[in-house]
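One letter stands for each residue in the lines below.
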Amino acid sequence: MADAAVMPGFPRAAAGAKAAVRARPGIRFDRVTVAYRSTVALADFSLDVEPGEVMALLGPSGSGKTTALRTVAGFVTPTSGRVFLGDTDVTSMPAHQRGIGMVVQQYALFPHMRVEQNVAFGLRAAGASRATIAPRVTECLTMVGMAAYARRYPHELSGGQQQRVAIARALAIRPRVLLLDEPLSALDAQLRSGMLNEIARLHRELPDVTILYVTHDQVEALTLADRIAVMNDSRLVDVGTAQSLYQQPPSDFTATFVGNANLVPVTVEAFDAARQEARVRFAACSVVVRANGGVTPGERRTLCVRPHALALEPPAAGANAIEARVVEVQWRGSAHRLYLEIDGIELRADSKPLREPPHRGERLIVHFAAHDATLLAAAQADRGSADHRG
Amino acid sequence: MLLPSRPSRVAAWVLFFVLFVPVFGLPIVVVGAASVAGQWNDVLPSHLTLRHLHDAFVSNAGIELLTSLATGIIASVVALVIGTWAALAVRALRRRGAKVIGTLFVLPIAVPSVSVGLGLLVAFSRPPFLLNGTSVIVVIAHVVLVTAFAFSSVSAGLARLPAHFEQVAASLGGRPAYVLFRVTLPLLTPSLVAAAGLCFALSMGELGATIMVYPPGWVTLPVGIFALTDRGAVFDGAALTVLLLVLTLVVLVAVSRIRTRASYR
Amino acid sequence: MTAATALLAADAPAARRTGIPAWIWVVVPLAVLAVIFYYPLFFILRQSFTGEGGHPSLAPYAEMLSSPLFRGALLRTIQIASLSTLGCLALGFVLALIVSFVPFPGARVVSGFIGTFLAFPSFLIALAFTFLYGSAGVFNFVAMDISGATQPPIDFVYTKWGVILAEITFYTPFVMRPLLAAFSQLDTALIEVASSLGARPLRIIREVIVPEAVPALLAGGSLCLLLTLNEFGIVLFIGAKGVITLPMVIYGKAIQEFDYTAGCVVAVVNITLSVGLYALYRFLVSRSGGGRASAVQA
Ligand SMILES: Nc1ncnc2c1ncn2[C@@H]1O[C@H](COP(=O)(O)OP(=O)(O)OP(=O)(O)O)[C@@H](O)[C@H]1O
Ligand SMILES: [Mg+2]
């Protein structure tokens with residue numbers, strides 16, 4: 001076997017923990033394509049993850065997120081393209097030489113080993129001495145609040161506890177890169193938000209660890225990630241900070257997938273270069289919206305406005321007001337979701353819980369501020385308004 | 001469910017027991033009764049005795065029992081090693097290759113045991129393999145016949161084993177051999193134990209190939225039982241059959257015990 | 001990539017891993033199997049084509065295929081196997097149906113018993129049959145007692161029917177096992193919905209259960225056919241003069257007459273027959289889903 005050739009600059013965790021601090025590799029996908037027999041799971045995927053960054057891969061089911069993550073872990077060999085950890089091309093390096101911590105959706109705790117043996121697995125595999133293993137195991141279990149459960153078997157733990165052990169096991173080898181594949185998807189809603197905070201805390205405690213976090217849940221992505229890579233249909237759609245993707249989505253797919261925006265095809269009537277605002281028209285309405293970068297009158301664009309930006313309250317100065325017919329009213333506990341219609345265009349509005357919600361068929365006026373709306377390139381805007389689930 | 005009314009359910013159960021008990025229960029009961037029957041000239045046997053078992057042991061049954069045990073244990077261990085190795089290796093092949101090679105390993109299931117014995121007799125009576133007349137040829141016959149079962153049983157276990165255990169182990173830095181011995185094989189324990197039990201049971205009852213190849217010095221229990229019944233000592237044969245069943249049963253029960261314990265963790 | 005790494009589960013997309021290929025690992029067990037199984041198989045074939053004086057010849061085939069002994073045995077083997085299989089399918093279906101859909105407290109014990117039965121030697125049944133229906137068996141004793149006859153009136157054990165009945169007894173569990181597995185996967189809600197819609201049990205069986213059971217019946221049936229074609233222990237133990245099957249001919253020629261060549265010719269026919277059936281079985285199993293395949297094999 002050729003595994004004596006451990007990567008230079010990537011000393012094995014237990015043996016050279018000090019050196020790991022110096023080597024802070026990011027992850028680089030360079031035009032990675034993965035094809036199974038008939039499906040292309042990942043197409044021409046290029047992405048740079050900075051050292052110490054939390055990058056979320058966000059996308060609908062089947063969009064290739066797991067595949068991307070598994071090329072980093074070494075369980076999928078790209079059909080073409082390269083994968084780098086730091087400066088090292090790891091495309092064809094065996095998984096066990098990469099020094100990557102991985103937590104999968106199913107946790108995959110070894111059922112025949114106690115919690116402490118699970119956490120010690122990577123250290124044992126690297127041939128660490130007993131004297132170094134024990135304190136490291138305790139340290140990692142303490143970090144995730146599971147020190148009291150060291151002697152238990154996985155089947156004696158709850159889902160959330162197994163999850164913590166899986167994270168402790170991945171951290172025990174002091175990975176420079178941590179891969180998390182939908183780590184919270186098997187937990188109930190309450191546990192999920194608790195674990196989300198825990199992972200955020202772990203990241204603050206381990207600022208050197210680069211984290212690639214796969215999820216289809218935008219809340220997880222927005223909470224944890226420094227940047228988000230939005231994927232669809234085995235391709236990278238957009239990448240940017242959580243805030244920029246949310247406030248100025250570069251594409252209609254991202255606008256819908258992150259924050260479930262209303263997308264409305266519009267025609268530009270005028271552009272105010274000084275205020276970077278445009279007056280646009282759709283149906284019988286004329287509204288003023290933000291338009292960074294400029295537009296030309298007559299141009300066709302897509303208006304993007306979030307459901308919660310549409311308000312029923314009387315207008316503040318400078319806000320747009322449009323009249324719409326109520327199609328459907330849903331109460332969602334913390335909000336009322338209104339489905340509105342203006343000349344065949346459907347809009348979703350989320351308001352605070354209403355004392356007297358409007359009735360179906362009623363006509364009312366909704367408002368939104370110019371800076372809460374943005375213009376995208378004209379595209380198939382119907383995709384957004386067709387979404388009734390959000 | 002299917003039969004909502006109680007009378008019809010009861011009728012179905014009666015039908016079940018009318019079919020099941022005579023067909024499957026009666027033969028075992030009868031052989032059991034015969035093994036301790038001093039005389040059987042009536043509906044029920046009379047003069048119950050352990051003489052048959054004793055007589056059988058006074059002649060050769062003890063040696064035959066040991067022969068069967070030795071053959072069964074050696075053949076099962078060898079078959080388990082070959083079958084497990086093959087199952088692991090076949091899993092690593094491409095789909096088409098795995099199918100072809102896998103078929104090669106299970107094909108012995110389809111070949112009549114008498115023909116397996118004949119083949120060994122013909123092939124191993126000449127150089128370079130001169131094994132005819134040795135105990136080795138009996139063990140080989142058993143290995144041929146049970147390896148296919150070990151292979152398919154372990155393969156089925158591997159197919160049920162989720163890939164993420166081994167992948168996580170590798171990502172934690174486990175080298176292939178380390179992962180194999182620390183993760184894959186331990187997780188496979190239930191399948192391995194089940195395969196071992198099955199191999200042993202099949203080997204203990206094997207007759208067709210053994211009767212073709214056995215040398216005078218290596219007579220297994222089934223061959224011995226046939227020799228007894230063939231010369232009319234049917235009660236002695238029944239006694240040995242019961243012994244064989246009990247032994248097989250003990251092993252199967254032990255195996256299922258180990259198996260549930262191994263899968264519980 | 002090291003060769004051993006290939007032994008780990010990894011999805012292998014279009015691009016292959018480099019280094020020592022995975023098939024290296026299959027060489028050792030394959031070599032063992034080749035020596036102990038395929039090499040003897042080859043010798044059966046070679047011996048069957050060896051004429052007088054050791055020259056290649058078709059004479060052994062011509063001689064054997066035209067002999068009444070062989071023709072009778074071939075016909076009888078196929079007849080016994082098909083009738084036994086039909087019996088197993090019928091009995092197995094009824095029993096599995098009741099265990100699965102009219103459950104009673106001991107149903108799990110029954111399933112366990114069936115699993116155990118598979119591991120017993122087949123001659124057990126033949127031995128039991130001689131005690132029950134043999135010329136000195138219980139039933140003959142009772143019959144002679146009642147009728148006052150001096151000759152045992154029941155003698156079907158020593159005909160092909162005895163063999164068929166014994167094989168049905170022994171091989172029915174081989175049919176029940178895949179059936180029970182298939183039935184356990186059948187959504188009981190289907191049956192509840194059907195009966196709530198007013199369907200009678202027979203109609204439910206015909207329109208809901210049987211379609212689900214067809215793959216398992218086909219798989220179990222062809223396995224059963226294969227095993228009964230090759231059955232030796234039952235025929236040998238019953239030892240009826242008139243009931244000679246192919247495996248018995250092989251045994252008789254090779255061991256009792258020391259005529260290996262004749263034995264090998266019959267073996268080639270028998271092997272061809274059963275390997276062909278086995279191919280059919282694998283095909284049926286692969287169409288009915290891998291999960292059930294393992295239920296049959298293990
Ligand atoms: N081993 C495989 N063989 C064939 N196709 C595969 C394999 N693994 C994944 N695919 C296909 O590749 C595509 C991307 O799969 P992937 O698992 O990366 O999606 P995902 O974004 O992780 O989805 P999810 O959110 O549902 O986990 C899918 O169409 C899937 O069917
Ligand atoms: Mg996924």
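Residues numbered from 1 in each chain as written. Chains lettered and ligands numbered in written order. Predicted model: local features only at pLDDT ≥ 70, side-chain atom pairs only at ≥ 80, totals over all residues. Heavy atoms only, no water.

Undergrad: Can you walk me through the sheet that holds strand S14 (residues 300–305) of chain A in this structure?
TA: For sheets, the rule is that strands pair by backbone hydrogen bonds, running either parallel or antiparallel. All names here are of chain A. With respect to topology, five strands assemble into an open sheet ordered S13-S12-S11-S14-S19, the strand pairing being antiparallel. Unpaired on one side and paired on the other, strand S13 (285–290) and strand S19 (373–377) mark the two borders of the sheet. Between one strand axis and the next, the sheet turns by 45 degrees as a mean value, whatever way the strands run. Across six bridges, strand S11 (residues 262–272) lies against S14 in antiparallel orientation. What sits directly across from Leu263, in S14, is Cys304. (Pairing = 2+ DSSP bridges. Helix = DSSP H or I, 4+ residues; strand = E, 2+ residues; numbered from the N terminus. Axes fitted to C-alpha atoms, helices over the stretch in contact; angles between N-to-C directions.)

Undergrad: I keep staring at the interface of chain B and chain A and nothing clicks. Help me out?
TA: Size of an interface: often given as the accessible area lost when the parts come together. With 20 residues of chain B at the interface, the matching set in chain A holds 27 residues. Carbon and sulfur atoms make up 68% of the area that chain B and chain A hide from each other, which totals about 2,400 Å². Summed over the shared surface of chain B and chain A, the result is zero salt bridges. At the boundary of chain B and chain A, one finds three residue pairs in polar contact (both at pLDDT 80 or more). For the side of chain B that touches chain A, the element with the highest residue contribution is helix H7 (residues 163–171) of chain B, accounting for seven residues. (Contact = heavy atoms within 4.5 Å. Buried area = accessible area lost by both parts, 1.4 Å probe. Salt bridge = Lys/Arg side-chain N within 4 Å of Asp/Glu carboxyl O. Polar contact = N/O pair within 3.5 Å; in protein donor to acceptor, adjacent residues only side chain to side chain.)

Undergrad: Looking at this model, I keep getting lost on the environment of Leu207 of chain B. Mind explaining?
TA: Residue and element names in this part refer to chain B. By secondary structure assignment, the location of Leu207 is in the loop between helix H8 (176–205) and helix H9 (208–213). Using a relative accessible area of 5% as the deciding quantity, one classes Leu207 as buried. Sequence separation of Leu207 and Ala79 is 128 residues, and the distance between their C-alpha atoms is 18 Å. (Buried < 20%, exposed > 50% of the residue type's maximum accessible area, 1.4 Å probe, protein only.)

Undergrad: What is the right way to look at the interface of chain B and chain C in this model?
TA: Taken residue by residue, the interface counts 92 residues in chain B and 93 residues in chain C. For the pairing of chain B and chain C, the buried interface totals around 8,100 Å² over both sides, and the portion due to carbon and sulfur atoms is 83%. For the pair chain B and chain C, the interface holds zero salt bridges. The interface formed by chain B and chain C includes six residue pairs in polar contact (both at pLDDT 80 or more). Looking at the side of chain B that touches chain C, the element that brings in the most residues is helix H1 (residues 6–35) of chain B, giving 16 residues. Taken together, the residues that form the side of chain B that touches chain C break down as 73 nonpolar, twelve polar and seven charged. (Nonpolar A, V, L, I, M, F, W, Y, C, P; charged D, E, K, R; others polar.)

Undergrad: How should I be thinking about the sheet that holds strand S2 (residues 40–49) of chain A in this particular structure?
TA: All names here are of chain A. Here four strands make up an open sheet; going across it, the order is S2-S1-S4-S5 and the pairing antiparallel. One side of each edge strand has no neighbouring strand; the edge strands of this open sheet are S2 and strand S5 (88–89). Pairing analysis gives five bridges linking strand S1 (residues 27–35) to strand S4 (residues 80–85), with the strands arranged antiparallel. Its bridge partner being in S4, Asp30 is matched across the sheet by Arg82. Each of S1, S2 and S4 touches helix H2 (residues 65–73); the most contacted strand, S1, lies at about 115 degrees to it.

Undergrad: Is there a simple way to think about the site of ligand 1 in this case?
TA: Lining the immediate environment of ligand 1, one finds 13 residues, of which Ser61, Gly62, Lys65, Thr66 and Thr67 of chain A sit closest. Each of chains A and C places residues next to ligand 1. In the model, a nitrogen atom of ligand 1 is placed 3.5 Å from a nitrogen or oxygen of the Thr39 of chain A side chain. Between ligand 1 and Glu182 of chain A there is a distance of 3.2 Å, counted from an oxygen atom to a side-chain nitrogen or oxygen. Contact with the protein chains hides 64% of the accessible area of ligand 1, taken as 640 Å² for the molecule alone. Considering each element in turn, the shell around ligand 1 owes the most residues, three residues, to H2 of chain A. In the shell around ligand 1, the residues fall into three nonpolar, seven polar and three charged. (Near = heavy atom within 4 Å. Areas by Shrake-Rupley, 256 points an atom, 1.4 Å probe, with all protein chains shown as cover.)

Undergrad: Sorry, what's going on with the pattern of salt bridges here?
TA: Where side chains of opposite charge bring their charged atoms close, a pairing between them can arise. Residue and element names in this part refer to chain A. Per the counting criterion, the structure on display carries 18 salt bridges over all chains. Note that Arg227 and Glu53 form a salt bridge whose closest N and O atoms lie 2.5 Å from each other. Remark: Glu53 occurs in the loop between S2 and strand S3 (54–58) and Arg227 occurs in strand S9 (residues 227–232); sequence separation between them is 174 residues. Overall, Arg227 belongs to the partly exposed group, its relative accessible area being 21%. A residue is classified by how much of its surface remains accessible, and Glu53, at 8% relative accessible area, is buried. A salt bridge links Arg337 to Asp350, with the nearest nitrogen and oxygen atoms 2.5 Å apart. Of the two residues, Arg337 sits in strand S16 (residues 336–342) while Asp350 sits in strand S17 (residues 345–351), which places them 13 residues apart along the sequence. Note on Asp350: relative accessible area 22%, which makes it partly exposed. Members of the salt-bridge network, linked through shared partners, are Arg164, Glu198, Arg201 and Glu205.

Undergrad: Got a minute to help me understand unusual backbone geometry in this structure?
TA: In terms of backbone geometry, most residues other than glycine have negative phi values and most peptide bonds are trans. The omega torsion of the bond from Pro127 of chain B to Pro128 of chain B falls at 5 degrees, within 30 degrees of zero and hence cis. With respect to the helices and strands, the residue Pro128 of chain B is situated in the loop between strand S1 (125–126) and strand S2 (129–130). Look at Arg174 of chain A: it is not a glycine, yet its phi comes out positive at around 45 degrees. The topology assignment puts Arg174 of chain A in the loop between helix H5 (159–172) and strand S7 (177–181). Since its relative accessible area comes to 34%, Arg174 of chain A is described here as partly exposed. The residue Glu182 of chain A is not glycine, and still its phi comes out positive at about 40 degrees.

Undergrad: In this structure, what is going on with a positive patch on the surface? I would like to understand it.
TA: The grouping of Arg37 of chain A together with Arg95, Arg96 and Lys99 of chain B at the surface amounts to a positive patch. Examined against the element boundaries, Lys99 of chain B turns out to sit in helix H4 (residues 95–106). (Patch = residues over 30% accessible without salt bridge, like charges linked within 9 Å, V, L, I, M, F, W, Y side chains within 5 Å. Lys, Arg positive; Asp, Glu negative; His and termini not counted. Charge placed at Lys NZ, Arg CZ, Asp CG, Glu CD.)

Undergrad: What am I meant to see in the pairing of S13 of chain A here?
TA: Side-chain direction in a regular strand flips from residue to residue, so the side chains alternate between the two faces of the sheet. All names here are of chain A. When you tally the buried positions in S13, you get five out of six residues, the bulk of the element. Alignment of strand S12 (residues 277–282) against S13, held across six bridges, turns out to be antiparallel. Counted as the bridge partner of Phe282 is Cys285 from S13. Linkage of S12 to S13, two consecutive antiparallel strands, is achieved through a turn of two residues, within which Ala283 is found at a positive phi near 45 degrees.

Undergrad: Looking at this structure, I do not really get the side chain of Thr85 of chain C. What am I missing?
TA: Within the secondary structure layout, Thr85 of chain C lies in helix H3 (residues 68–101). Once residues within four sequence positions are removed from consideration, Thr85 of chain C is found in contact with Gly221, Cys224, Leu225 and Thr228 of chain C.

Undergrad: It is not clear to me how the confidence of the model for chain C should be interpreted in this structure. Could you clarify?
TA: Residues shown with low pLDDT carry predicted positions that ought not to be read at fine detail. All names here are of chain C. Residues at a pLDDT of 70 or more form 89% of chain C, whose mean pLDDT is 80. For chain C, helix H13 (residues 290–297) is the element with the lowest average pLDDT, namely 38, and H3 is the one with the highest, namely 90. Here residues 1–18 scores under 50 on pLDDT; set against residues more than four positions off or in separate chains, the count is 58 contacts. Contacts for the low-pLDDT stretch residues 290–298, under 50 throughout, to residues beyond four places or in other chains number 19 contacts. Confidence metrics for the complex model read pTM 0.80 and ipTM 0.84. (pLDDT = per-residue confidence, 0-100.)

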